[in-house]
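# A closer look at the structure
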Amino acid sequence: QVQLVESGGGLVQAGGSLRLSCAASRSLFSINTMAWYRQAPGNKRERVASITAGGSTDYADSVKGRFTISRDNAENTVYLQMNSLTPEDTAVYYCNVISIGIPIFPWGQGTQVTVSS
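Described in the following lines is the structure provided in the data block.

What counts and how
- Residues numbered from 1 in each chain as written.
- Predicted model: local features only at pLDDT ≥ 70, side-chain atom pairs only at ≥ 80, totals over all residues.
- Heavy atoms only, no water.
- Helix = DSSP H or I, 4+ residues; strand = E, 2+ residues; numbered from the N terminus.
- Rg over C-alpha atoms; globule rule 2.2 N^0.38 Å.
- Buried < 20%, exposed > 50% of the residue type's maximum accessible area, 1.4 Å probe, protein only.
- Contact = heavy atoms within 4.5 Å.
- Core = buried A, V, L, I, M, F, W, Y, C linked by side-chain atoms within 4.5 Å.
- Phe/Tyr/Trp six-rings, centres within 6.5 Å; stacked < 30°, edge-to-face > 60°.
- Lys NZ or Arg CZ within 6 Å of the ring centre and 35° of its normal.

## Comments concerning the overall build of the chain
Looking only at helices and strands, the chain has 0 helices and 11 strands in total. Each helix (α) and strand (β) of the chain, taken in turn from the N terminus, gives the series β-β-β-β-β-β-β-β-β-β-β. At 13 Å, the chain has a C-alpha radius of gyration in line with the 13 Å of a compact globule built from 117 residues. For the C-alpha atoms alone, the extent of the chain along its principal axes is close to 40 × 25 × 25 Å. Counting all 117 residues of the chain, 44% fall into the buried class.

## Notes on the environment of T52
By the secondary structure assignment, T52 is in the loop between β5 (46-51) and β6 (57-59). Placed 45 residues apart in sequence, T52 and V97 show a C-alpha to C-alpha distance of 9.9 Å. When residues no more than four places from it in sequence are discounted, the contact partners of T52 are N32, T33 and R71.

## A look at the side chain of S50
You can see S50 is positioned in strand β5. Assessed through its relative accessible area of 9%, S50 is described here as buried. Sequence-distant contacts of S50, defined by excluding residues within four places in its chain, comprise T33, M34, A35, S56, T57, D58, I69 and I98.

## Quick look at the nonpolar core
Soluble globular proteins tend to pack their nonpolar side chains together in the buried interior. Grouped together as the largest cluster of nonpolar side chains are 31 residues, with contacts concentrated most on M34, W36, I69, V78, L80, M82 and Y93. Contributing elements (two or more residues each) for this core: β3 (18-24), β4 (33-39), β5, β7 (67-72), β8 (77-82), β9 (91-99) and β11 (111-116). Ignoring anything within four residues of it in the chain, the contact list for M34 reads L4, C22, L28, A49, S50, I51, I69, R71, V78, N96 and V97.

## Details of the packing of aromatic side chains
Taken as a whole and assessed by the stated rule, the structure comprises 2 aromatic pairs. Residues Y37 and W107 carry aromatic rings whose centres are separated by 5.0 Å and whose planes lie at 80 degrees to one another, so their mutual orientation is edge-to-face. Pair noted here: Y37 is in strand β4 and W107 is in the loop between β10 (102-103) and β11, with a separation of 70 residues, a long-range link. Seen from their ring centres, Y94 and W107 are 5.7 Å apart, and the 70 degrees between their planes marks the pair as edge-to-face. Placement of the pair is Y94 in strand β9 and W107 in the loop between β10 and β11, with a sequence separation of 13 residues. Three or more aromatic residues link up through ring pairs in this structure, and these residues are Y37, Y94 and W107. Taking NZ or CZ as reference, R19 lies 3.9 Å from the ring centre of Y79, over its face. The positively charged end of R45 is found above the aromatic ring belonging to W107, 4.1 Å away from the centroid.

Laid out in structure tokens, this is it:
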């Protein structure tokens, strides 16, 4: 079991940036793929970015070129750098470990990102 704690959200104007962090309760060295998800009110939770142990990344089309996922195994932390934010990025952001594309641990509390126009 891994507990995940997200942080770094906040209120930002359109065009601004935020950096989210996801701290894991144990070493990430043995964990393959980590992912960031988001859920806006009334919408399903969607995956926005993922990163393998080897550093390969994948992004949803809606965030490509604007978001960057990274991981620091020594710090047991995964990051999501979000640039050029738009109001459509407003959501609660969560991280998780994924296996064959499926999140496998209980969701944390997430971190709220609100982008004003």
